[in-house]
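So the chains spell out like this:
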Amino acid sequence: MTKTLNVAMIGGGFMGKAHALAYAAMPMFFWPAPAIPHRKVLIDVNADLAAEGARRLGFDESSSDWKAVIARKDIDVVDIVTPNDSHAELAIAALEAGKHVICEKPLARTGAEARTMADAAQKSGVMHMVAFNYRRTPGVAMAKKLIEEGRIGTILNFRGTYLQDWSADPNGPLSWRFQKKIAGSGTVGDIGTHVVDFARYLVGEISAVNAMVHTYVKERPLQSGGLDKLGASDKSGAGPKAEVDVDDEMITLLRFQNGAVGSIEASRNAYGRNNFLTFEIHGTKGSIAFNYERMDELQVMFADDPADARGFRTIYTGPNHPYGQGLWPIPALGIGYGETKIIECYDFFKAIVSGQLPSPNFEDGYKVSAIADAIIESGSSERWVQVAN
Ligand code: NAI
Ligand code: SOE
């Protein structure tokens, strides 16, 4: 009989909705499910939001006291979907209480903070995961499979981007994402780390970076009450403003331990680009390209394609591709952001039941944060910086 595991989720905002959807839907997609997630307690510092969120997102109970909930024996899994400044305190407490922990990205504001979490995770003996869900898009997992099968040969070059424009208007409000004490950094930590995760997953460890890191929009109107609006509310520019002390533009060169080279570009000022999360990888026997804005598609080109058929062609992911057995029965019916979270939930619960540590785990989260630190340091020193081990 499939067992049920009780989840306490901390944070009832944007990611709270995405993770709650995944708990409800995972067994509908992947059956037999490794275990059935039960939405037990929704915790938020804002007690009203927690109560409303529990009803809306299908949790039995709500609370504003995370310490009391983490101490409960009937909680198996703690899910951290709060802004970055609380990840370390919450995760370490949950790990010390023996709970399996999934934590949103970036794991922490800095490499040093992430290190404390990875150390606690190592000591705990429980399962831990950092929620870089984009690598669970079937097209991205298919790219990994092609690379592992040697289909594009030795990788020479990785080119990744993450460009957005929800934040391009300087009158968009001062979300917590623009404040260093909460977010840690801007484009580097918030969106650049997704591309760093792709680079490590698909190519290998990054040994050094050489970056430009810049802030164009230096102040924004203060946000008025309620949920973080991610720049989507009043853009009149009225009212008091406060400083933006994180970057909104980053470009870095990469050197990989295996000899490959690469680059990452991340911007919050890229009008016309919404969730333009892409990579192109060139190998000695072919190339692969992916664009999240067309997430059902993977572009491939193999050097031994017939001479009169050279060029990229499109694979539409479906039942014959990674995770396809749990998704929709016909290619190109269309998946979305929700499915990446459902797949992430499936892999995390599979890890809990099997006892096999999933990837990306807290050690991966630490490595990504160390690379983010190196990018920021290189941006300010204008030199190549070696990534800390
Ligand atoms: P949000 O601002 O929409 O929601 C955060 C919620 O956490 C709020 O309801 C707030 O009241 C609550 N909260 C804050 N501090 C708390 C504490 N100490 N204890 C309990 N509740 C607390 O934030 P959002 O967008 O959901 O982001 C949360 C995390 O998810 C961040 O780390 C962010 O980087 C990550 N994220 C990841 C995405 C992905 O694609 N994997 C997408 C969006 C966010
Ligand atoms: C805002 O840039 C944001 O919500 C990021 O925080 C997420 O990580 C990204 O996946 C979507 O955009």
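Keep in mind that this is a model prediction, so the values were computed, not measured.

Undergrad: Would you take a moment to explain the site of ligand 2 for this structure?
TA: All residues adjacent to ligand 2 are Phe14, Lys105, Tyr134, Tyr162, Gln164, Trp166, Arg177, Asp190, Ile191 and His194. Here an oxygen atom of ligand 2 and a side-chain polar atom of Arg177 are 3.1 Å apart. Between ligand 2 and Asp190, the relevant distance is 2.6 Å, taken from an oxygen atom to a side-chain nitrogen or oxygen of the residue. In isolation ligand 2 has 300 Å² of accessible area, and contact with the protein removes 89% of it. Sort the elements by how many residues they give to the shell around ligand 2 and helix H8 (residues 187-202) lands first, with 3 residues. Looking at the shell around ligand 2, its residues break down into 5 nonpolar, 2 polar and 3 charged.

Undergrad: Would you explain the sheet that holds strand E15 (residues 297-302) in this entry?
TA: Where strands meet in a sheet, backbone hydrogen bonds hold them as pairs that are either parallel or antiparallel. The strand order E16-E15-E14-E13-E7-E12-E11-E8-E17 describes an open sheet built from 9 strands, whose pairing is mixed. Taken across any chain shown, the strands that pair with only one partner, and hence form the sheet edges, are strand E16 (313-316) and strand E17 (385-386). Bridge count between strand E7 (residues 155-163) and strand E13 (residues 276-283): 8 bridges; the pairing is antiparallel. In the strand pairing of E13, Gly160 is matched with Phe279. Strands E7, E13, strand E14 (286-291) and E15 of the sheet are contacted by helix H6 (residues 138-148), whose axis makes an angle of about 25° with E15. Relative to E7, H8 is tilted by about 155°, and along the sheet it contacts E7, strand E8 (206-214), strand E11 (249-256), strand E12 (261-267), E13 and E14.

Undergrad: Looking at this structure, how should I read the pattern of salt bridges?
TA: A pair can form between side chains of opposite charge whenever their charged atoms are brought close. Tallying each qualifying case throughout the model produces 22 salt bridges. Salt-bridge contacts for Asp190 lead to Lys105; the nearest nitrogen and oxygen are separated by 3.0 Å. In this pair, Asp190 is assigned in helix H8 and Lys105 in the loop between strand E5 (100-103) and helix H5 (111-124), connecting sequence segments 85 residues apart. Each member of the pair, Asp190 as well as Lys105, carries the same accessibility label: buried. Note that Arg268 and Asp190 form a salt bridge whose closest N and O atoms lie 3.1 Å from each other. Within this pair, whereas Arg268 is found in the loop between E12 and E13, its partner Asp190 is found in helix H8, the two being separated by 78 residues in sequence. Residue Asp190 is classed as buried on the basis of its relative accessible area, which comes to 8%. Here the residues in one salt-bridge network are Lys105, Arg177, Asp190 and Arg268, joined through shared partners.

Undergrad: Honestly, the nonpolar core in this entry has me stumped. Any pointers?
TA: In summary, soluble globular proteins display a tendency toward joint burial of nonpolar side chains. By size, the foremost hydrophobic cluster in this structure holds 112 residues, and its most contacted members are Phe158, Phe279, Phe349 and Phe362. Here Phe362 is in contact with Ala91, Leu95, Val101, Cys103, Leu107, Met117, Ala118, Ala121, His128, Met129 and Val130, once residues within four sequence places are set aside. Counting residues in hydrophobic clusters, the runner-up holds 5 residues, among them Leu174, Phe178, Val244 and Val246.

Undergrad: I tried to follow the sheet that holds strand E2 (residues 36-43) on my own but got confused; where do I start?
TA: A sheet is described by the order of its strands in space; here 6 strands give the open sequence E3-E2-E1-E4-E5-E6, paired in parallel fashion. The outermost strands of the open sheet, each flanked by one partner alone, are strand E3 (61-63) and strand E6 (128-130). Each adjacent strand pair in this sheet contributes to an overall mean axis angle of 25°, direction not counted. Of the pairings in the sheet, the one linking strand E1 (residues 4-10) to E2 comprises 7 bridges and is parallel in character. When the sheet's bridge partners are listed, Leu5 is paired in E2 with Pro37. Along the sheet, helix H1 (residues 14-29) makes contact with E1, E2, strand E4 (77-80) and E5, crossing E2 at roughly 155°. Of the strands in this sheet, E1, E2 and E3 touch helix H2 (residues 47-57), which is tilted by about 160° from E2.

Undergrad: Looking at this structure, I do not really get the environment of Ser86. What am I missing?
TA: Checked against the element boundaries, Ser86 lands in the loop between E4 and helix H4 (87-96). Counting along the chain gives 75 residues from Ser86 to Gly11, while the straight-line C-alpha distance between them is 10 Å.

Undergrad: How do you make sense of the site of ligand 1 when you look at a structure like this?
TA: Lining the immediate surroundings of ligand 1 are 29 residues, of which Met15, Asp44, Asn84, Asn133 and Tyr337 lie closest. Contact distances for ligand 1 include 3.0 Å between an oxygen atom and a backbone N or O atom of Phe14. Between ligand 1 and Trp176 there is a distance of 3.0 Å, counted from an oxygen atom to a side-chain nitrogen or oxygen. Within the complex, 89% of the 860 Å² of free accessible area of ligand 1 lies under protein.

Undergrad: Just to check I follow, could you spell out the pairing of E2 for this structure?
TA: Side-chain direction in a regular strand flips from residue to residue, so the side chains alternate between the two faces of the sheet. Crossover E1 to E2 through H1 is right-handed. Pairing between E2 and E3: 3 bridges, direction parallel. Bridging from a neighbouring strand, Val41 pairs with Glu61 of E3. Taken together, E2, H2 and E3 form a β-α-β motif whose crossover is right-handed.

Parameters at a glance
- Residues numbered from 1 in each chain as written.
- Chains lettered and ligands numbered in written order.
- Predicted model: local features only at pLDDT ≥ 70, side-chain atom pairs only at ≥ 80, totals over all residues.
- Heavy atoms only, no water.
- Near = heavy atom within 4 Å.
- Polar contact = N/O pair within 3.5 Å; in protein donor to acceptor, adjacent residues only side chain to side chain.
- Areas by Shrake-Rupley, 256 points an atom, 1.4 Å probe, with all protein chains shown as cover.
- Helix = DSSP H or I, 4+ residues; strand = E, 2+ residues; numbered from the N terminus.
- Nonpolar A, V, L, I, M, F, W, Y, C, P; charged D, E, K, R; others polar.
- Pairing = 2+ DSSP bridges.
- Contact = heavy atoms within 4.5 Å.
- Axes fitted to C-alpha atoms, helices over the stretch in contact; angles between N-to-C directions.
- Salt bridge = Lys/Arg side-chain N within 4 Å of Asp/Glu carboxyl O.
- Buried < 20%, exposed > 50% of the residue type's maximum accessible area, 1.4 Å probe, protein only.
- Core = buried A, V, L, I, M, F, W, Y, C linked by side-chain atoms within 4.5 Å.
- Right-handed = clockwise from strand over helix to strand, strands pointing away.

Just geometry here; none of it tells us what the structure is for.
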